[in-house]
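Observations on the model geometry
Letter by letter, the chains look like this.
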Amino acid sequence: MKEGTDDVTTMTEPALRVQTRRRPLPPSERLERIFTVENVSALYGGRHALKDVSLEIHKNLITAVIGPSGCGKSTFIRCLNRMNDVVPGFTMTGTIRYHGQNITAADVDPVAVRRNIGMVFQRPNPFPKSIYDNIAWGLKVLGMRDDLEGRVERALVQAALWDEVKDRLKAPAVSLSGGQQQRLCIARAIAVEPDVVLMDEPASALDPIATAAIEQLMHDLRDEYTFVIVTHNMQQAARLADMTAFFSVARGDEGERFGELVEYDATEKIFTAPADPRTEDYVTGRFG
Amino acid sequence: MSAHGITRAAQRADRLPRRRAVNRLMEALAALSALLAIALLSLLVYSVARRGAAQLDLDLLTKGPAGAFSFTPTASGFANAFAGSLVLVVLATAMALPVGILTALYLTEFARPATRGVVSLGLDVLNGVPAIVVGIFVFGLLVVGRGQSGFAGAFALACLMLPLVARATMEVLALVPASLREASLALGVPPWRTTLGIVLPQAVGGIVTGTTLAVARVAGETAPLLFTSSLVGSGVSWNPQHALQSVPVAIFEASEQADPTLHAQAWAAATVLLAFILVTSLAARALAARSRRRIATSR
């Protein structure tokens, strides 16, 4: 599989034939740092889920987080918008700077963090409201009441859903298909104009065609937003991401398992010339 | 392990016939017990309705007792009791419902697990407090020095409703998927707006169900009202500043009288009360099923 990675299209099914969407990385001095993650460890009930992660995430790039189950990749991106705060027994150490500001500090309101850093979840979770209200509700609550209809329409257009739903905006969101629901969730997230959109395996519950639609829209929106996407679909990371972080499961001295960052580099590098043998084993399918 | 074979001989060796018989016996006992419970209910409804049928007419609902006091009359109806019960239950619901819902919201949405455990236990204990004790408590708190009133009676009933409403609400809030809360929080919506705009609308059906059950329960309570709202005149009163008659207390008082017509009226009122409780319980069940279906489809 390693041989195929320089031409990603050849290793996917014809139905999924999506062009590699990566573009050349801009020179590093032109990259703006949006997150600086330093020595982050995450614990559930006192047990490490993630140990000592440090990396930088850049503005207007798509950053993929890949790795096997249990490597802490979801835990990691949920740290970026303080979403883990709602999990009982969760604690973390280390700092995460967002535009230079430490968002893990106790005096930072997680509501303000999430206002800037939106999230799309693994399983589509539309509100039990109409398609229109799924997007309009957040806008209204957050005080973005001017041109409500225009904002809803723009979000649906951006999420490539407008044509499919424009005639039935009052229909319940749960009447949509899974892929449409997930695009609605993306529309809901971008309607409130976040700076970053975190995506926690957004396509794992979807069929290949819906997956392709979501990749297409991330591709179309990447100049306006910064995406961080967790995926265990390596082809997806290879097609989509500019930068890729590979997490893996490590074993501690007493046999306890926790996730750690193995390697973080340009996607090209991760998939063609990884520095760490564990990365190479994973991306070539020799893992486990 | 040839003993586990399926031939007849092997089955006998395995004492299978005996085990099968024991199984049948236990099944039959369990079914019989279930039947007994249903039979008891049917018998109760039948015997109450049979004795009450003679006096079951519109006068019972529309006319007050004939005498000066509800317990020395020559009887024509229980209108004051039905009016009083209505006022008492509505007032009690108005008191218990908001506090019960907010308690449940606090416990499921905001409290730490340790606090939740302690308060939930408190609710369960409150639920187990005998109604007569609640009556004495409210008597000491609101009646001594001020006299009986509909408010005091309603407050006593509200004490009994509170844990029922809170517990029912907690149960249905727990059914609301966490993914919906996360979806809202991830937009940068504050937790209380998430609760109000996303969680609570999902729970309305369950809250209505719990409240309906609580209404059915307290509508038949006598003990809390004896001390707090029982010394009444014979006229129909809607004013909760004075003591109000109620159906269970009126049944109790009428059954203590010598007049056989009053006895029959007590049975008739008991029939009406029973019918009300049966209907509200059934309605609550239907509502519960409906709201559970709604939550299931939104998951």
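Small disclaimer: the values here were computed from a predicted structure and weren't measured.

Some words on the overall build of chain A
- Along its length, chain A carries 10 helices and 10 strands.
- Radius of gyration (C-alpha) of chain A: 19 Å, near the 19 Å computed for a compact globule of 288 residues.
- Reported as C-alpha extents along the three principal axes, the dimensions of chain A are approximately 55 × 50 × 35 Å.
- Counting contacts in chain A only where the partners sit at least 6 residues apart, residues at least 24 apart contribute 71% of the total.

Here's the deal with the domain arrangement of chain B
Residue and element names in this part refer to chain B.
- Looking at chain B, the domain boundaries give domain 1 (2-53) and domain 2 (57-298).
- For domain 1 and domain 2, the distance between their C-alpha centroids amounts to 38 Å.
- Residues that form the side of domain 1 that touches domain 2 fall into these classes: three nonpolar, one polar and one charged.

As for the pairing of strand β8 (residues 226-230) of chain A
Residue and element names in this part refer to chain A.
- With five of five residues buried, β8 lies mostly within the body of the structure.
- The alternating pattern of β8 places T226, V228 and V230 and F227 and I229 on opposite faces, both of which are buried.
- Note: strand β3 (residues 62-66) against β8, four bridges, orientation parallel. Each bridged residue has a counterpart across the sheet, and for I62 the counterpart in β8 is F227.
- Relative to β8, strand β7 (residues 196-200) runs parallel, the two sharing five bridges.

Notes on the nonpolar core
- Residues A187 and V228 of chain A together with L157, M161, V165 and A269 of chain B are the most contacted members of the largest nonpolar core, which totals 157 residues.
- In terms of residue count, helix α7 (residues 150-175) of chain B provides more of this core than any other element does, 18 residues in total.
- Once residues within four sequence positions are removed from consideration, A187 of chain A is found in contact with I135, A155, L156, Q158, A159 and L161 of chain A.

Describing the packing of helix α3 (residues 131-141) of chain A against helix α4 (residues 148-158) of chain A
Residue and element names in this part refer to chain A.
- Orientation of α3 relative to α4, taken along the N-to-C sense of each, is 120 degrees, at an axis distance of 10 Å. In terms of orientation, α3 lies oblique with respect to α4. Classified by chirality, the crossing of α4 by α3 is right-handed. Taking contact as the criterion, the partners of Y132, I135, A136 and L139 in α3 are, on α4, L148, R151, V152 and A155.
- Taken together, the residues that form the contact of α3 with α4 break down as seven nonpolar, no polar and one charged.

A few points about unusual backbone geometry
Residue and element names in this part refer to chain A.
- Residue D52 is not a glycine yet carries a positive backbone phi of 55 degrees.
- Its location among the elements puts D52 in strand β2 (residues 47-58).
- With 15 C-beta atoms packed within 10 Å, D52 lands in the partly exposed category.
- In this model, A160 sits at a positive phi of 60 degrees, which is unusual for a non-glycine residue.
- Relative to the assigned elements, A160 resides in the loop between α4 and α5 (162-165).

A few points about helix α6 (residues 131-143) of chain B
All names here are of chain B.
- Within α6, burial applies to V134, G135, V138 and V143. Within α6, the buried residues cover an arc of 110 degrees as seen down the axis, which keeps them to one side. Summarising the geometry of α6, the exposed residues directed more than 90 degrees from the buried face are V133 and G140.
- Residues of α6 that are buried in the fold lie against α7 and α10 (223-226).

As for the interface of chain B and chain A
- Contacts between chain B and chain A engage 17 residues on the former and 20 residues on the latter.
- Contributing elements (two or more residues each) for the side of chain B that touches chain A: α8 (178-186), α9 (191-219) and α12 (260-298) of chain B.
- Looking at the side of chain B that touches chain A, the element that brings in the most residues is α8 of chain B, giving six residues.
- Residue composition of the side of chain B that touches chain A, grouped by class: nine nonpolar, six polar and two charged.

Rules used in this analysis
- Residues numbered from 1 in each chain as written.
- Chains lettered and ligands numbered in written order.
- Predicted model: local features only at pLDDT ≥ 70, side-chain atom pairs only at ≥ 80, totals over all residues.
- Helix = DSSP H or I, 4+ residues; strand = E, 2+ residues; numbered from the N terminus.
- Rg over C-alpha atoms; globule rule 2.2 N^0.38 Å.
- Contact = placed C-beta atoms within 7 Å.
- Domains from an automatic or database assignment.
- Nonpolar A, V, L, I, M, F, W, Y, C, P; charged D, E, K, R; others polar.
- Buried ≥ 20, exposed ≤ 12 C-beta atoms within 10 Å, placed from the backbone.
- Pairing = 2+ DSSP bridges.
- Core = buried A, V, L, I, M, F, W, Y, C linked by C-beta atoms within 7 Å.
- Axes fitted to C-alpha atoms, helices over the stretch in contact; angles between N-to-C directions.
- Parallel < 35°, antiparallel > 145°, perpendicular 65-115°, else oblique.
- Left-handed = near helix turned anticlockwise from the far one by under 90°.
- Arc of directions from axis to C-beta.

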